[in-house]
Protein chains: 2
Amino acid sequence: MGRPPRHSPDELLALVAKEFLTRGYDATSMADLARATGMTKSAIYSHVTGKQELLRLAVSRAMDALFAVLAEPTARQGAAVERLEHVVRRSAEVLVDQLPYVTLLLRVRGNTPVEREALTRRRDFDDRLSALVRSAIDEGTVRDDLDPRLVTRLLFGMVNSVAEWYRPQRALSADKIADAVVALAFSGLRRP
Amino acid sequence: MGRPPRHSPDELLALVAKEFLTRGYDATSMADLARATGMTKSAIYSHVTGKQELLRLAVSRAMDALFAVLAEPTARQGAAVERLEHVVRRSAEVLVDQLPYVTLLLRVRGNTPVEREALTRRRDFDDRLSALVRSAIDEGTVRDDLDPRLVTRLLFGMVNSVAEWYRPQRALSADKIADAVVALAFSGLRRP
C-alpha cells in the first residue's frame, strides 16, 4: 500500500474545488473528495469539519481576493473613474488567477448557509461597485444616461463570462483579457 | 377526476423548459415532465419522441431567434459596425423575450447529441459575429487593437449575463437593457 499523499492546505483546496466544479457541490460526497484527494475521509476531517467548510474556504478565497482589490491604493485614491477602471481590470485578473474559486463562487445559488453568506458578500461587493459608478457619474467622467446598478451588472457580467471559456493552458494572458475588458467597457468598440 | 389539460405546443414547451431549468436537464424524468404539465406520459409521447426532442425544440427556439436576427435587413446591409450594433441590440432583446430558452441554451454542456448540435450552432453564430467584428475593423469603424474573437466573447458574455439576474416581473424593459449593452459596448462608459 502506498503512503497517503500529504497535501498542503492549498493543494487540498485546489483538488476539492476541482471536484465540486466537476460534480456540482450538492452531488459531491466526502467519499468523492477522499477519492479525488487520495486522502482518507478521517484525514480530511482532521483538517476541516466537512463539505460546507471546504466550500466556505474555496469561495472565500475568491471573495477575499476581490475585496483585497477594493483595498488596493489605486482603488481608494484618485478620480472615481480611475478607481473603477482599476477594480474592473484587477477583477478580471483575479478571475483568471483564481479561476476555479471564482467559478465556484459564480455557481453558488444559495441552498446552504455557506452559499447564502457568499451571496451576501457578492451583493456587498456589487453595492460598492455601484457606488463607485455613481461617484464617477457625479464627477462627470462617466456618462450619466445609464443606471449605475445596471452598469455594474453588465460590467461584471462581461468580466465573469470569461470563466465560461478561459482555459489556463491557452496562450491568452490575464493581462491581455483585462486590457480588452477595460478597453471595451471604458472606451467602447467604435472609433471616435 | 379532472380533465387533463390541453396545452398548445407553445404552452407545453414553456412548462417543459421551466422544469428543465429548475431540475437540470439530466435530472428531469418524463414523470417530472408529466407532473409539471399535468399531462400523462403517453399524452406527452403523442407529441414528441421524448426528453431529447423536447430539449431540441426548446434550445432551437433560442437559436432560431438568434439566427433570425442575422437575417434581418439591418444585419445584412450597410456599414459593418452598424450591422454589428444591430445584432448585439437584437440579441439582448431575444435573450429577454425568450429568456427560458436562451437560459437553457447557455447551460448546454454537450453531454448528448442534441446538446452537441446546439453547441455547434452556437459556434457557428459566434463565427459569424467574429467575422462581422473583423469587417468593421477593416472598414476602420471599430478599433483594431483587440482580437475579434475575444471581442465577440466579451460582447456576448455581457449580453448573456443578463440571463443570470433578469426577472420578467421587474420594471426593466428589454429595450432599456439593450440600450445599455449597446452604449457600453460601442461607446464605453468614459465621457470623451
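Criteria and thresholds
- Residues numbered from 1 in each chain as written.
- Chains lettered and ligands numbered in written order.
- Predicted model: local features only at pLDDT ≥ 70, side-chain atom pairs only at ≥ 80, totals over all residues.
- Heavy atoms only, no water.
- Least-squares fit on C-alpha atoms with pLDDT ≥ 70 in both.
- Contact = heavy atoms within 4.5 Å.
- Axes fitted to C-alpha atoms, helices over the stretch in contact; angles between N-to-C directions.
- Helix = DSSP H or I, 4+ residues; strand = E, 2+ residues; numbered from the N terminus.
- Parallel < 35°, antiparallel > 145°, perpendicular 65-115°, else oblique.
- Left-handed = near helix turned anticlockwise from the far one by under 90°.
- Phe/Tyr/Trp six-rings, centres within 6.5 Å; stacked < 30°, edge-to-face > 60°.
- Buried < 20%, exposed > 50% of the residue type's maximum accessible area, 1.4 Å probe, protein only.
- Lys NZ or Arg CZ within 6 Å of the ring centre and 35° of its normal.
- Buried area = accessible area lost by both parts, 1.4 Å probe.
- Salt bridge = Lys/Arg side-chain N within 4 Å of Asp/Glu carboxyl O.
- Polar contact = N/O pair within 3.5 Å; in protein donor to acceptor, adjacent residues only side chain to side chain.

Draft legend 1. Fine view of the relation of the copies chain A and chain B. The transformation that overlays chain A on chain B combines an axial shift of 0.0 Å with a rotation of 180°, and the residual RMSD is 0.0 Å. Taken together, the turn and the small shift mark the pair as related by a two-fold rotation axis. The fraction of interface residues of chain A whose copies in chain B are also interface residues reaches 100%, indicating that both copies meet through the same surface.

Draft legend 2. Geometry of the packing of helix α4 (residues 51-71) of chain A against helix α6 (residues 80-97) of chain A. Residue and element names in this part refer to chain A. In the contact formed by α4 and α6, the axes pass within 10 Å of each other and the chain directions differ by 155°. Here α6 runs roughly antiparallel to α4, going by the angle between their axes. At the point where α4 passes α6, the crossing takes the right-handed sense. Of α6, the residues touching α4 (which contributes Ala65, Leu66, Val69 and Leu70) are Val87, Arg90, Ser91 and Val94.

Draft legend 3. Region of interest: the side chain of Thr37 of chain A. Along the chain, Thr37 of chain A falls in helix α2 (residues 30-37). Not counting chain neighbours up to four residues away, the residues in contact with Thr37 of chain A comprise Pro5, His7, Leu12, Leu15, Val16 and Ile44 of chain A.

Draft legend 4. Representation of the packing of aromatic side chains in the model. Going through the model one piece at a time under the given rule, you end up with 8 aromatic pairs over all chains. With centroids separated by 6.4 Å and ring planes inclined at 70°, the aromatic side chains of Trp165 of chain A and Tyr166 of chain A adopt a geometry described as edge-to-face. Using a relative accessible area of 13% as the deciding quantity, one classes Trp165 of chain A as buried. Under the relative-accessibility criterion, Tyr166 of chain A is labelled buried at 6%. Ring geometry for Phe67 of chain B against Phe125 of chain B: centres 5.7 Å apart, planes inclined by 80°, an arrangement best described as edge-to-face. Highlighted residues: Phe67 of chain B in helix α4 (residues 51-71) and Phe125 of chain B in helix α8 (residues 113-138), separated in sequence by 58 residues. Using a relative accessible area of 17% as the deciding quantity, one classes Phe67 of chain B as buried. Given a relative accessible area of 3%, Phe125 of chain B falls into the buried group. Connected via pairs of aromatic rings, a cluster forms that spans Phe67, Phe125 and Phe156 of chain A. One Lys or Arg, Lys51 of chain A, reaches over the ring of Tyr25 of chain A and ends 4.5 Å from the middle of that ring. Seen from the ring of Tyr101 of chain A, Arg61 of chain A lies directly overhead, with NZ or CZ sitting 5.3 Å from the centre.

Draft legend 5. Molecular detail of the interface of chain A and chain B. Contact residues are listed per partner, giving 36 residues for chain A and 36 residues for chain B. Summed over both partners, the interface of chain A with chain B buries about 3500 Å², with 61% contributed by carbon and sulfur atoms. When the buried surface of chain A facing chain B is broken down by residue, Leu154, Leu189 and Arg190 of chain A rank first, second and third, together holding 23% of it. Taken together, the connections running from chain A to chain B amount to 8 salt bridges. Put simply, Arg190 of chain B and Glu82 of chain A hold a salt bridge, and the shortest N to O gap is 3.4 Å. Run the count over chain A and chain B and you get 20 residue pairs in polar contact (both at pLDDT 80 or more). Going through the elements one at a time, α6, α9 (148-165) and α10 (174-187) of chain A are the ones with two or more residues in the side of chain A that touches chain B. Per element, the largest residue contribution to the side of chain A that touches chain B is 11 residues, and it comes from α9 of chain A.

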